[in-house]
Amino acid sequence: MIKTFKLLKKHILEKLPQITFVSLTVVFLINAFYNIALLNDGTFNFANILLNVLWTEERFFATFIVNLPMIIAIKLGSTDFNLLIILQGFWFFFVTLICLFTAYVNIPSKNKDYFQFVLLSYLITMNFVGTFISSKSFICAGLYWIIAVIFIFEDYNKITYKKLLLLIIVSLLLIKNYEWNVIFVSLLAVYHIFKIKTLNADTKILKELFLYIIFFIFLLTIYLFLKNFFTDKDFFIYIAKNPLIEAFEGWKPRQVLITFAIIALICSLSFFKNKNKLIFAILVSCFLCLILLFIKYNFLYAIAKYRLLNFFVPLFFSVSLFLVFKKNIFINFKIIKILNIILLVFFIINISIIAYNWNKSLNNSFAVLNNSKGIVKAEDYPLSLQEGFQLHTWISIIIQKQRNISYIESVFGNFDPKKPKNNAVLKTVENILYIPDLRKFGITYSDDLLKKIQENSKLNSKINEILK
């Protein structure tokens with residue numbers, strides 16, 4: 001028994017990060033051939049990028065990151081749906097592994113055991129969110145972890161320019177990301193205040209300037225979110241435009257000049273001595289106001305409607321990591337490693353079963369479409385694991401093209417005009433019968449199908465008028 005445990009410790013526990021990276025890469029690559037890309041938000045992203053690779057979705061940077069290989073392939077002229085689906089399916093998952101690996105390499109060698117906190121955070125979330133690992137909120141959490149580990153383990157007086165540049169890039173990617181990244185950014189900005197406060201007089205001016213740029217990006221992210229929060233009815237429609245243009249949109253020249261003057265003042269503080277106390281007092285006052293605004297407008301409650309687990313788990317484990325490291329609290333890392341192994345095995349089994357069943361479901365759906373004409377009622381042939389029916393029409397087009405059918409004569413549609421429950425349902429009905437123009441990929445539609453879709457659209461419009 002003792003010999004077995006020693007072998008386990010030597011060959012598995014001590015090499016757990018490497019085992020994790022290799023095993024998950026293999027699993028993600030295999031599952032990419034099982035149409036895993038089309039699960040949940042995948043179909044929505046896939047179809048929109050086919051229409052326009054620069055599709056301006058409100059979570060622009062997150063959308064761009066999780067679809068990058070597919071976007072590159074289309075820009076290079078690829079029209080092979082099998083290739084595009086495999087690229088998207090592999091990258092949806094693998095990009096989260098890249099974030100995890102980046103966090104790993106930025107933890108100092110002597111502190112590598114603390115990586116188990118980061119891995120535990122990932123594995124717990126991955127097991128619970130399942131197919132939603134490909135969601136944009138998970139990317140946001142991965143970016144947060146990269147910054148968090150650098151903040152926790154690095155001394156700002158000794159930090160390299162390479163890591164400062166990485167911090168700037170990752171911070172920029174958080175600007176137009178998932179809505180609740182403003183919570184991550186707020187926490188990082190507060191911690192950044194205390195890190196700046198510890199700078200000594202020997203720190204180079206250029207290095208300080210880099211740090212102030214990072215902090216300015218954090219402030220810009222928070223400001224842009226609050227601007228939308230107070231001006232839009234649906235404040236979750238988050239910064240779909242260029243962030244700098246959005247920041248000054250509708251402003252008078254005088255307001256823009258004042259803003260730039262404040263930015264210049266903050267940057268100029270790098271050239272003065274004994275400025276830390278002043279900076280600390282100003283910034284803490286700003287964040288106290290920010291917290292009061294969050295409480296007043298019930299922001300935290302609203303945020304819970306989204307991927308709460310992807311938000312809560314990284315925060316919990318990053319704070320735990322900070323306290324354990326700073327307070328030098330004893331932790332039995334063997335127990336955490338064993339727990340991580342168990343969670344890793346569970347995730348691999350779970351995601352493989354999901355991919356297999358999903359692919360089987362798509363094959364069955366294709367068989368139905370292949371023997372049908374016109375609009376097929378989706379409620380009669382529900383797709384397993386799919387989140388509702390809102391993507392049935394698009395996914396029915398994609399799976400036919402994937403199987404070399406370019407002339408589309410049948411699509412799924414979820415509609416029952418005799419039983420309209422509410423306006424939201426009708427809105428879904430209208431969306432699902434939207435036929436994208438994909439002629440550049442060789443996809444065309446039969447006249448009979450287009451006629452039936454047009455007739456159904458007119459019927460839905462009449463129902464909407466009645467309900468109004």
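Structural data are supplied above this passage.
Anyway, here's the lowdown on the structure attached to this text. (Residues numbered from 1 in each chain as written. Predicted model: local features only at pLDDT ≥ 70, side-chain atom pairs only at ≥ 80, totals over all residues. Heavy atoms only, no water.)

So, unusual backbone geometry
Most peptide bonds take the trans form, and the phi angle of most residues other than glycine is negative. At Asn35, a residue that is not glycine, the phi angle is positive and equals roughly 60 degrees. The phi angle at Asn328 is positive, at roughly 55 degrees, despite the residue not being glycine. In this fold, Asn328 is placed in the loop between helix 16 (308–327) and helix 17 (333–370). Looking at Asn328, the relative accessible area reads 63%, which means it is exposed. (Helix = DSSP H or I, 4+ residues; strand = E, 2+ residues; numbered from the N terminus. Buried < 20%, exposed > 50% of the residue type's maximum accessible area, 1.4 Å probe, protein only.)

As for helix 18 (residues 392–402)
Among the 11 residues of helix 18, 11 are classified as buried, and the element is accordingly described as predominantly covered. Every buried residue of helix 18 is listed here: His392, Thr393, Trp394, Ile395, Ser396, Ile397, Ile398, Ile399, Gln400, Lys401 and Gln402. Downstream of helix 18 by a residue or two, Asn404 has a phi angle that is positive, lying close to 70 degrees.

A closer look at the environment of Lys452
Among the secondary structure elements, Lys452 is positioned in helix 20 (residues 447–467). A relative accessible area of 33% places Lys452 in the partly exposed class. Along the chain, Lys452 and Ile375 lie 77 residues apart, while their C-alpha atoms are 7.3 Å from each other. Look past the residues within four positions of Lys452 in its chain and what remains in contact with it is Lys373, Gly374 and Ile375. (Contact = heavy atoms within 4.5 Å.)

Overview of the environment of Val149
Relative to the helices and strands, Val149 is located in helix 8 (residues 136–153). Classification of Val149 by relative accessible area gives buried; the value is 0%. In this structure, the C-alpha to C-alpha distance between Val149 and Thr102, residues 47 residues apart in sequence, is 9.7 Å. Not counting chain neighbours up to four residues away, the residues in contact with Val149 comprise Ala103, Asn106, Ile107 and Val118.

Some details on the packing of aromatic side chains
Working definition: an aromatic ring pair is given by the centre-to-centre distance plus the angle between the planes. In this structure the tally under the stated criterion is 28 aromatic pairs. Ring geometry for Phe101 against Tyr104: centres 6.5 Å apart, planes inclined by 35 degrees, an arrangement best described as tilted. With Phe101 and Tyr104 both in helix 6 (residues 81–105), this residue pair falls 3 residues apart, about one helical turn. Looking at Phe101, the relative accessible area reads 42%, which means it is partly exposed. An aromatic cluster is present here, built from Tyr114, Phe117, Phe153, Phe325 and Phe333 joined pairwise through their rings. Above the plane of the ring of Tyr104 lies Lys112, whose end atom (NZ or CZ) is 4.2 Å from the centre. Above the face of the Tyr161 ring, Lys207 is positioned so that its terminal group lies 5.5 Å from the ring centre. (Phe/Tyr/Trp six-rings, centres within 6.5 Å; stacked < 30°, edge-to-face > 60°. Lys NZ or Arg CZ within 6 Å of the ring centre and 35° of its normal.)

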